[in-house]
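One letter stands for each residue in the lines below.
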Amino acid sequence: MSSVSRLVSSVCKKIIKPYSPTPISLRCHKLSYLDQMVGGIYLPLALFYPKLSNTWSNKPNNVVSQHLEKSLSKVLTNYYPFAGKLNDNISIDCNDSGVEFFITKINCPMSEIFNHPYFEKHNLVYPTEVINNQYTYEGSLAVFQLTHFSCGGIAISMCLSHKVGDGYTFGNFMNHWATIARNPLSSEIYPISPKFDGSFYFPPTKDEESSNVSNNNIVPQREECVSKGFSISSSKLTALKARVINESKVQNPSDTEVVSAFLYQRAMATKKLVNSSSIRPSLLHQAVNLRPPLPKHTMGNIGCLFSILTKEEKEMDLAQVVSKLRKEKEEVKQKYKNAKIEELLPITLEQYRKANDLLVNNSCYDLYRFSSLITFPSYDVDFGWGKPEKVISPLSTSNPPIKNMFVLMDDKNRDGVNLTCSMKKQDMLAFERDEELLRFASPTS
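Calculation rules
- Within each chain, residues carry numbers counting from 1 in the order of the written sequence.
- A pLDDT threshold of at least 70 governs which residues receive local features in this predicted model, and a stricter bar of 80 or more applies before side-chain atom pairs are shown or counted, although totals over entire chains, interfaces and linings include all residues.
- Side-chain figures throughout are based on the complete set of non-hydrogen atoms in the structure, without hydrogens or water.
- UniProt positions are given in the numbering used here, feature names are shortened, and annotations may be inferred rather than shown by experiment.
- Only DSSP runs of H or I with at least four residues qualify as helices, and only runs of E with at least two residues qualify as strands; both kinds are numbered from the N terminus onward.
- Working definition: with a 1.4 Å probe on protein chains only, accessible area under 20% of the residue-type maximum means buried, over 50% means exposed, and in between means partly exposed.
- Each polar contact in these results corresponds to two N or O atoms within 3.5 Å; when the atoms are within protein, one needs to be able to donate a hydrogen and the other to accept it, and residues that are neighboring in sequence are counted only if both atoms are side-chain atoms.
- Contact criterion: two residues are considered in contact whenever any of their non-hydrogen atoms come within 4.5 Å of each other.
- A helix is expected to reach a length of 1.5 Å times the quantity of its residues less one.
- Ring pairs are drawn from Phe, Tyr and Trp, using the six-membered ring of Trp, whenever the two centres fall within 6.5 Å, and their geometry is named by plane angle: stacked under 30 degrees, edge-to-face over 60, tilted for the rest.
- Each salt bridge in this description consists of a side-chain nitrogen of Lys or Arg and a carboxyl oxygen of Asp or Glu lying within 4 Å of one another.
- Any two strands with at least two DSSP bridges between them are considered paired.
- In this analysis an axis means a line fitted to C-alpha atoms, helices contributing only their contacting stretch, and an angle means the value between N-to-C directions, from 0 to 180 degrees.

- Per an unreviewed UniProt entry, the chain goes by Acylsucrose acyltransferase 2 and derives from Solanum pennellii.
- Here is the UniProt Sequence similarities (unreviewed entry) comment for the chain, exactly as written: "Belongs to the plant acyltransferase family."

See below:
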């Protein structure tokens, strides 16, 4: 047993089932084509709450747990596929078998988790078996853990199979659950009532040509990497945006565009130093949420990606990278803007083909993947005792499976950006020492 795992003093497991049985008409949830394409990896997210205040401060731990369990049971009625069983990458049997809910106690204050230089301790707030087997876990499709710290604070974590949904689905669920928890006796209706109708927009197909699309863009191979966290303050973000505006025609560049371009630029520059060579052809993949044009209430995997290619050093200029990102994003938006329902899947598959062709035809050595949760209401998840002090992004695990992956999130005050990066160890050593990076980004781990 490692010194870290010795901090855990107790673990209790329960099965939480939907409050109301799923109607027969909804028992078979067909996976969409995009659901079928993604791997079965579990996406983890954890929310940390300091010592509970107001009416919760003196309540025993079991009361807190019961509060979460009852509201979880109620929200699962709306998110019924979470409590079902996967059927051969074809469908989910929504049989109300339930989700796993773990309760643990950790013998250290919450601050010790935050201030630890490595992400290993962060894993303590996630269900151990899921984190250790993110690709092969065979338990429930959604797994939860309530963690009590010695300081009186708690963490609530969830691991969701990518087969069931994407980051948007994740965020919508957490806020829906919290709304029910805050108002257990109220008839308040959550603003985005979920519909699991992704297969209507992206019907599953056995078409051989479509099956030949490379899944490497969606299910990258697992590699040994290290993960680090950084933050970019409001003032530093403003300075980066000003540079882009002054040096390009892009007006009002978004946080995601500027931060993604900056990290991509610095990663390429430091990679060049590691290899003592000229720039290597590189590709940036940016995941895009397709709600809109699709309805906000549609859950599942509803997104695509766009890519930009960098082959020469003169293309590494920050403003130029942002300009290329903006151009590609606008072109993707235009494709979907007036698309008919039957055109959605072909357009999306074409985006993946285009990305794969860029990768293969240009002999790209390095692929950088970006996923942005900026504007997602992660810091609004209030179960009745206030909003979280910290939200840990999906890559904050001790052995992240995806090389050159960057996840961007708002900070607590919504005016800066927190980010998690995973790279091979030698690349990270150069990246985290890059002077230009450290002018704008501060290490958080």
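Quick word on the side chain of arginine 291
Here comes step 1: Structurally, arginine 291 can be placed in the loop between β10 (282-289) and β11 (303-310).
Here comes step 2: Overall, arginine 291 belongs to the buried group, its relative accessible area being 6%.
Here comes step 3: Here the side chain of arginine 291 touches aspartate 166 through a polar contact of 3.1 Å, side chain to side chain.
Here comes step 4: Discounting residues that sit within four places of it in the chain, arginine 291 has contacts with Asp166, Tyr168, Thr169, Lys296, Thr298, Met299, Gly300 and Ile302.

A short note on helix α10 (residues 318-337)
Here comes step 1: Its 20 residues give α10 an end-to-end C-alpha distance of 28 Å, which sits within 8% of 28 Å, the value for a rise of 1.5 Å per residue.
Here comes step 2: Among all positions in α10, only Leu318, Ala319, Val321, Val322, Leu325, Glu328, Val332 and Tyr336 are buried.
Here comes step 3: On its buried face, α10 sits against α8 (234-247), α9 (255-275), β10, β11 and α11 (341-361).
Here comes step 4: Measuring from the backbone nitrogen of alanine 319 back to the side-chain oxygen at the start of α10 gives 3.2 Å, which picks out aspartate 317 as the cap.

A few points about the packing of aromatic side chains
Here comes step 1: A full pass over the atoms with the stated rule returns 23 aromatic pairs.
Here comes step 2: Consider the rings of phenylalanine 200 and tyrosine 201, whose centres lie 5.0 Å apart with planes at 80°: the pair is edge-to-face.
Here comes step 3: Summarising the aromatic geometry, the rings of tyrosine 368 and phenylalanine 406 are spaced 6.4 Å apart at their centres and angled 40° between planes, so their arrangement reads as tilted. Taken together, the positions of tyrosine 368 in strand β12 (residues 366-372) and phenylalanine 406 in strand β14 (residues 405-410) put the pair 38 residues apart, joining distant regions of the chain.

Here we look at the pattern of salt bridges
Here comes step 1: For the structure shown, the criterion picks out 20 salt bridges.
Here comes step 2: Here aspartate 434 and arginine 266 are joined by a salt bridge, their closest N and O atoms 2.7 Å apart. With aspartate 434 in the loop between α12 (425-431) and α13 (435-440) and arginine 266 in helix α9, this residue pair connects regions lying 168 residues apart in the sequence. Exposure class is identical for aspartate 434 and arginine 266. Each is buried.

Some words on the pairing of β10
Here comes step 1: With respect to burial, β10 is a largely interior element, 6 of its 8 residues being buried.
Here comes step 2: As defined by bridge partners, β10 adjoins β11 across 8 bridges and the pair is classed as antiparallel. Bridge pairing links asparagine 289 to glycine 303 in β11.

Points about the sheet that holds β11
Here comes step 1: Spatially, 7 strands are ordered β11-β10-β12-β14-β15-β9-β16 in an open sheet, and the strand pairing comes out mixed. On the outer flanks of this sheet lie β11 and β16 (442-443), each paired with one strand and no other.
Here comes step 2: Along the sheet, α11 makes contact with β10, β11 and β12, crossing β11 at roughly 25°.

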